[in-house]
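Close look at the chain arrangement
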Amino acid sequence: MSLIVEYALRSDGLVLAPTLDAVDVRLVLERTVGTDPSRPILFVWAEGDLPGFETAVAEDPTVADVTHLSEGTASRLYRCQATDATELVTHGELARLGASRLEATFDDGWWHARTRFPDEAAFDSYASFLEAAGAELRVRRRYDADGTERELDGLTEPQRETLRLAYRRGYFAVPRTVTASELAEELGVSSQAVSERLRRGYARLVERSVGV
């Protein structure tokens, strides 16, 4: 069964990041066209400091061919294409996984998105892709197409697997009865990978439990 996930995403490697760092605007992504998955074309509505946005986006290396298409009451619609300077392109990965972005807005320093994934495994793959790119991901809701809520822990499957094994083997016991290297050997990954999974897993669990 398909899974719908609402989440917030932040990374300096995303398209338009230099512009959004420089100007106070809110963006609404109307649609994305991915003829070239690594250089998708975006149609975005901008609200806020529109003159500042146009000045900043003209110098933004992550986009090219910026065109003002339409005017709203307090917003403008722009078309732009991601360039090779965009370090983190999510459109191609979502397409590869068979996922569909239902909505996306930028506000308060984060992209807020709602995306439909074919299943849990597809979302876990996407979360791992973002983690490998150093992006910050905060999952807000996970639910089925009929609205049934799913358990929300914010962990990817590799993080969940590593935390579960670490707990069972006594990594959190006092005194500790297994090392990260031993966990890595059992999981078939590097010690660094285990450390990163545990650290990011801790962070996500803290966010969920104390509302950071």
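Details of the structure are given in the entry above.
Residues numbered from 1 in each chain as written. Predicted model: local features only at pLDDT ≥ 70, side-chain atom pairs only at ≥ 80, totals over all residues. Heavy atoms only, no water.

**Quick look at helix α2 (residues 50-58)**
Taken together, the buried positions of α2 are occupied by Leu50, Gly52, Phe53, Ala56 and Val57. Viewed end-on, α2 has its buried residues packed into an arc of 150°, placing them on one side of the element. Opposite its buried face, α2 presents the exposed residues Pro51, Thr55 and Ala58, each directed more than 90 degrees away. Buried residues belonging to α2 abut α1 (17-22), β2 (25-33), β3 (41-48), β4 (63-71) and β5 (75-82). For α2, the N-terminal capping position is held by Asp49, with its side-chain oxygen 2.9 Å away from the main-chain nitrogen of Gly52. (Buried < 20%, exposed > 50% of the residue type's maximum accessible area, 1.4 Å probe, protein only. Helix = DSSP H or I, 4+ residues; strand = E, 2+ residues; numbered from the N terminus. Arc of directions from axis to C-beta. Contact = heavy atoms within 4.5 Å. Polar contact = N/O pair within 3.5 Å; in protein donor to acceptor, adjacent residues only side chain to side chain.)

**A word on unusual backbone geometry**
Cis geometry marks the peptide bond from Val174 to Pro175, where omega comes out at 0°. Tracing the sequence through the fold places Pro175 in the loop between α5 (157-169) and α6 (180-187). Although it is not a glycine, Leu16 sits at a positive phi angle of roughly 70°. Mapped onto the elements of the fold, Leu16 is located in the loop between β1 (3-10) and α1. For Leu16, a relative accessible area of 0% gives the class buried.

**Observations regarding the pairing of β5**
Of all eight residues in β5, seven are buried; the element is thus mostly enclosed. Across seven bridges, the pairing between β3 and β5 is antiparallel. Its bridge partner being in β5, Ile41 is matched across the sheet by Gln81. Judged from the six bridges that link them, β4 and β5 form a sheet pairing that is antiparallel. Across the sheet, His68 pairs through a bridge with Tyr78, a residue of β5. Between β4 and β5, which pair antiparallel and follow one another directly, the connecting turn spans three residues. (Pairing = 2+ DSSP bridges.)

**Topic: the packing of helix α3 (residues 90-97) against helix α4 (residues 120-132)**
The N-to-C vectors of α3 and α4 enclose an angle of 155°; their axes lie 10 Å apart at closest approach. Between α3 and α4, the angle falls in the class roughly antiparallel. Crossing handedness for the pair α3 and α4: right-handed. Here Thr90, Glu93, Leu94 and Leu97 of α3 come into contact with α4, specifically with Ala122, Ser125, Tyr126, Phe129 and Leu130. The residue makeup of the contact of α3 with α4, split by class, is six nonpolar, two polar and one charged. (Axes fitted to C-alpha atoms, helices over the stretch in contact; angles between N-to-C directions. Parallel < 35°, antiparallel > 145°, perpendicular 65-115°, else oblique. Left-handed = near helix turned anticlockwise from the far one by under 90°. Nonpolar A, V, L, I, M, F, W, Y, C, P; charged D, E, K, R; others polar.)

**Comments concerning the sheet that holds β2**
Across the sheet, which stays open at both edges, the eight strands sit in the order β4-β5-β3-β2-β6-β7-β1-β8 with antiparallel pairing between neighbours. Each edge of the open sheet carries a strand with a single partner, namely β4 and β8 (136-144). The sheet shows a mean angle of 20° between the axes of neighbouring strands, direction not considered. Where β2 meets β3, eight bridges bridge the pair, whose relative direction is antiparallel. Paired with Leu29 across the bridge in β3 is Val44.

**Describing empty space enclosed by the protein**
Tallied over the full model, the rule gives one cavity of 30 Å³ or more. The volume enclosed by the largest cavity comes to roughly 270 Å³. Surrounding the largest cavity, 19 residues form its lining, Leu14, Val15, Leu29, Thr90 and Arg101 being those nearest its centre. Going through the elements one at a time, β1, β2, α3, β6 (100-107) and β7 (110-117) are the ones with two or more residues in the lining of the largest cavity. Residues that form the lining of the largest cavity fall into these classes: 14 nonpolar, four polar and one charged. (1 Å grid on protein atoms, 1.4 Å probe; cavity = no way out; pocket = protein on both sides within 12 Å on 5 of 7 lines; lining within 4 Å. Points joined across faces, edges and corners; volume = space filled by probe spheres on them.)

**A few points about the packing of α5 against α6**
Orientation of α5 relative to α6, taken along the N-to-C sense of each, is 125°, at an axis distance of 11 Å. Here α5 lies oblique to α6, going by the angle between them. For the pair α5 and α6, the crossing hand works out as right-handed. Touching Glu161, Thr162, Leu165, Ala166 and Arg169 of α5 are Leu183, Glu186 and Leu187, all from α6. Of the residues that constitute the contact of α5 with α6, the class distribution is four nonpolar, one polar and three charged.

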